[in-house]
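What follows is the residue order along each chain.
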Amino acid sequence: MKRPPQVQTADGKLGVLLPGLGAVSTTFIAGCLLARRGLGQPFGSLTQLATIRLGKRTDNRTPAIKDFVPLAGLDQLVFGAWDLFEDNAYESASHAEVLSREQLDLVKDEMSAIQPMSAAFYPEYVKRLNGTHVKKAKTKADMVEALRQDIRNFKQSSGASRLVAVWCGSTEIYFPASEVHQSVAKFEKGLLENDPGIANSQLYAWACIKEGVPYANGAPNLTVDFPAALELAREHKVAVCGKDFKTGQTWMKTVVAPGLKARMLGLSGWFSTNILGNRDGEVLDDPDSFKSKEVSKLGALEYILQPQLYADLYGKIFHKVRIEYYPPRGDAKEGWDNLDIFGWLGYPMQIKINFLCRDSILAAPIVLDLALFMDLAQRAKFSGVQEWLSFYFKSPMTAPNLYPEHDLFIQSMKLKNTLRWMMGEELITHLGNEYYD
Ligand SMILES: NC(=O)c1ccc[n+]([C@@H]2O[C@H](COP(=O)([O-])OP(=O)(O)OC[C@H]3O[C@@H](n4cnc5c(N)ncnc54)[C@H](O)[C@@H]3O)[C@@H](O)[C@H]2O)c1
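Presented here is an overview of the structure given in this document. (Residues numbered from 1 in each chain as written. Predicted model: local features only at pLDDT ≥ 70, side-chain atom pairs only at ≥ 80, totals over all residues. Heavy atoms only, no water.)

**A look at the overall build of the protein chain**
Broken down by element type, the protein chain carries 16 helices and eleven strands. In terms of overall dimensions, the protein chain is globule-like: its C-alpha atoms have a radius of gyration of 22 Å, near the 22 Å expected for 437 residues. A burial count over the protein chain gives 57% of its 437 residues as buried. Within the protein chain, counting contacts between residues at least 6 apart in sequence, those at least 24 apart form 76% of the total. Entry remark: accessible area of the protein chain is about 19500 Å², with carbon and sulfur atoms responsible for 53%. In the protein chain, which carries 49 positive and 50 negative side-chain charges, the distance between the mean positions of the two groups comes to 3 Å. (Helix = DSSP H or I, 4+ residues; strand = E, 2+ residues; numbered from the N terminus. Rg over C-alpha atoms; globule rule 2.2 N^0.38 Å. Buried < 20%, exposed > 50% of the residue type's maximum accessible area, 1.4 Å probe, protein only. Contact = heavy atoms within 4.5 Å. Areas by Shrake-Rupley, 256 points an atom, 1.4 Å probe, with all protein chains shown as cover. Lys, Arg positive; Asp, Glu negative; His and termini not counted. Charge placed at Lys NZ, Arg CZ, Asp CG, Glu CD.)

Structure (structure tokens):
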């Protein structure tokens, strides 16, 4: 195995750029500000809370991840964002109603100071939104240039020594990669010609990669998952990852499905439905945006259960996912899952999961971990797709022709082994026979 490169230390400020200053972004920012003043706990974040075992089980070496790898600390973070609404982070968080007013008011001044930069926004990619805080440009190439200028300005005004971007903008309509996405040259030409295949989120990704800013994609749209973006990322030696934060129902799926498979229990159907009432829910009420989400949510089971290898167990699964926009619930999503499973001699059984979750409370720690780990990856000179961060995504990006790993426990092992490898520690195989020699 190749020796890991020396990881540079995390000196100076880290600027976290967030295209989209909505529920997830503002919950993330407020949480970081509260946690660094000791006014809240960053539950749900591996970078803040998890430990990592090193060496043998008898060695008793289990440092916190943040003490083991050189990560930026919460007090080193500065935040920048773009949105098509002018609301500052405090106002946007107030509308989102995820955090209580009393808690938000503890960080009101810092949140109010975060004003979004104007958005690169063509409305045809997100039909339910209508904002006026948008850039004007003749071509999409000019739009990318304007975003690049924003990035440079933010770096200078914030005093950040490094930047990282996490897309927290709305889910765009479903658009598979087309000819324009196949190479850097074709994409650059498409930008000049305002090619309709190039969506808003891709403009941000393009600008970030060109500015050497690692880019994580929290939504299911393509954004950075197409050959031209990967070619550009390789050229500029920039780390990228995505897609779609794995927060509620799909997280649960990637916990339960590996359990069924490990026990060789069959599955005939899995019906998932949700109600949610935040702005994300409103956007997903548009069938074209829902299609992006649906594709992202449906993939996991197929890859985990491998019906091509286990036709009798998983060859005929009826898998359905629904999301219903239901305003009274706001961000407090409720998900129902019904699993029709079968066991010994084919006898049927059922599992019901009723998850009363909070979307942005689950997503915020993922934004934090991605920002810190992507910055770490960049300092470790990792570039291109960061498969070791699959843990955080509903449809993890991989190298072309490689199927994604969806099983949460494999993803967790992959993440921790990458950290061990990065720091020159032995990988953990869980073989365990050395204890019995
Ligand atoms: N919360 C979760 O559990 C979760 C899980 C997986 C994925 N996601 C995804 O994360 C994203 C953010 O979710 P949210 O709940 O914060 O949604 P939100 O609607 O509250 O916030 C999204 C923000 O993005 C802005 N936006 C849209 N297009 C933009 C553009 N081109 N440039 C700048 N800003 C733009 C919108 O105006 C809005 O303020 C969504 O795509 C959602 O699907 C969320």
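**Description of unusual backbone geometry**
Of note, the amide linkage connecting G242 to K243 takes the cis form, showing an omega dihedral of -5°. Looking at the element boundaries, K243 is found in the loop between β6 (239–241) and α11 (249–262). For N60, which is not glycine, the phi dihedral falls at a positive 55°. When you line up the elements, N60 lands in the loop between α2 (46–49) and α3 (65–68). Exposure remark for N60: the relative accessible area of 69% places this residue in the exposed category.

**Some remarks on the pattern of salt bridges**
Overall, the coordinates contain 18 salt bridges when judged by the stated rule. Between R37 and E110 there is a salt bridge, with its nearest N and O atoms 3.2 Å apart. Of this pair, R37 sits in the loop between α1 (23–36) and α2 while E110 sits in helix α6 (residues 108–112), placing them 73 residues apart in sequence. The class for E110 is partly exposed, based on a relative accessible area of 30%. (Salt bridge = Lys/Arg side-chain N within 4 Å of Asp/Glu carboxyl O.)

**A look at empty space enclosed by the protein**
Over the atoms, a rolled probe matching the size of one water molecule traces out where space is still vacant. Counting across every chain of the model gives one cavity of 30 Å³ or more. As a volume, the largest cavity reaches approximately 40 Å³. Every residue along the wall of the largest cavity is listed here: G248, Q249, M252, N274, K333, G335, D337, F355 and C357. Of all the secondary structure elements, the ones that give two or more residues to the lining of the largest cavity are α11 and β9 (334–342). Among the residues forming the lining of the largest cavity, the class breakdown is three nonpolar, four polar and two charged. (1 Å grid on protein atoms, 1.4 Å probe; cavity = no way out; pocket = protein on both sides within 12 Å on 5 of 7 lines; lining within 4 Å. Points joined across faces, edges and corners; volume = space filled by probe spheres on them. Nonpolar A, V, L, I, M, F, W, Y, C, P; charged D, E, K, R; others polar.)

**Description of the state of the cysteines**
The full count for this structure, using the stated rule, is zero disulfides. We note that C241 lacks a disulfide partner, and the nearest cysteine sulfur, in C168, lies 12 Å from it. Among the residues examined, C241 registers a relative accessible area of 1% and is labelled buried. Here C357 is not cross-linked by a disulfide; its sulfur's nearest cysteine counterpart is in C168, at 17 Å. (Disulfide = S-S within 2.5 Å.)

**Some points on the packing of aromatic side chains**
Counted according to the given criterion, the structure contains 13 aromatic pairs. Centre to centre, the rings of F382 and W421 are 5.9 Å apart; their planes meet at 40°, and the pair counts as tilted. One end of the pair, F382, is in the loop between α15 (359–379) and β11 (384–385); the other, W421, is in helix α16 (residues 408–422), and 39 residues separate them in sequence. Taken as a pair, F382 and W421 share a single burial class, namely buried. An aromatic cluster is present here, built from F373, F382, W388 and W421 joined pairwise through their rings. A cation sits over an aromatic face here: K140 above Y122, 5.0 Å from the ring centre. (Phe/Tyr/Trp six-rings, centres within 6.5 Å; stacked < 30°, edge-to-face > 60°. Lys NZ or Arg CZ within 6 Å of the ring centre and 35° of its normal.)

**Details of the packing of helix α7 (residues 140–158) against helix α9 (residues 200–210)**
It is the contact of α7 with α9, at a shortest axis distance of 9 Å, that shows an interaxial angle of 55°. With respect to α9, the element α7 is oriented oblique. Classified by chirality, the crossing of α9 by α7 is right-handed. Residues K140, M143, V144, L147, R148 and I151 of α7 form the contact with α9, whose own contacting residues are L203, Y204, W206, A207, C208 and K210. Broken down by class, the residue content of the contact of α7 with α9 amounts to nine nonpolar, no polar and three charged. (Axes fitted to C-alpha atoms, helices over the stretch in contact; angles between N-to-C directions. Parallel < 35°, antiparallel > 145°, perpendicular 65-115°, else oblique. Left-handed = near helix turned anticlockwise from the far one by under 90°.)

**A closer look at the side chain of Q411**
Tracing the chain through its elements places Q411 in helix α16. Here S390 takes part through its backbone oxygen, which lies 3.3 Å from a polar atom of the side chain of Q411. Setting aside chain neighbours within four positions, we find Q411 in contact with K246, W388, S390, F391, F393, P396, E405 and H406. (Polar contact = N/O pair within 3.5 Å; in protein donor to acceptor, adjacent residues only side chain to side chain.)

**Focus on the sheet that holds strand β10 (residues 348–356)**
The four strands are arranged β8-β7-β9-β10 in an open sheet whose pairing can be described as mixed. The open sheet has two edge strands, β8 (318–325) and β10, and neither has a second partner. Each neighbouring strand pair of the sheet contributes to a mean axis angle of 10°, computed without reference to strand direction. Judged from the eight bridges that link them, strand β7 (residues 266–276) and β8 form a sheet pairing that is parallel. When the bridges of β8 are listed, G269 appears paired with F318. Sheet contacts for α11: β7, β8, β9 and β10; angle to β7, the most-contacted strand, approximately 165°. (Pairing = 2+ DSSP bridges.)

**Points about the pairing of strand β4 (residues 160–167)**
Of all eight residues that make up β4, seven are buried, and the element is covered over most of its length. Bridging between strand β1 (residues 13–19) and β4 involves five bridges; their strand directions are parallel. Residue pairing in the sheet places L17 in a bridge with A165 of β4. The sheet contact formed by β4 and strand β5 (residues 215–217) spans three bridges and is parallel. Looking at β5, one finds that A165 is bridged to Y215.

Honestly, it's all geometry; don't read function into it.
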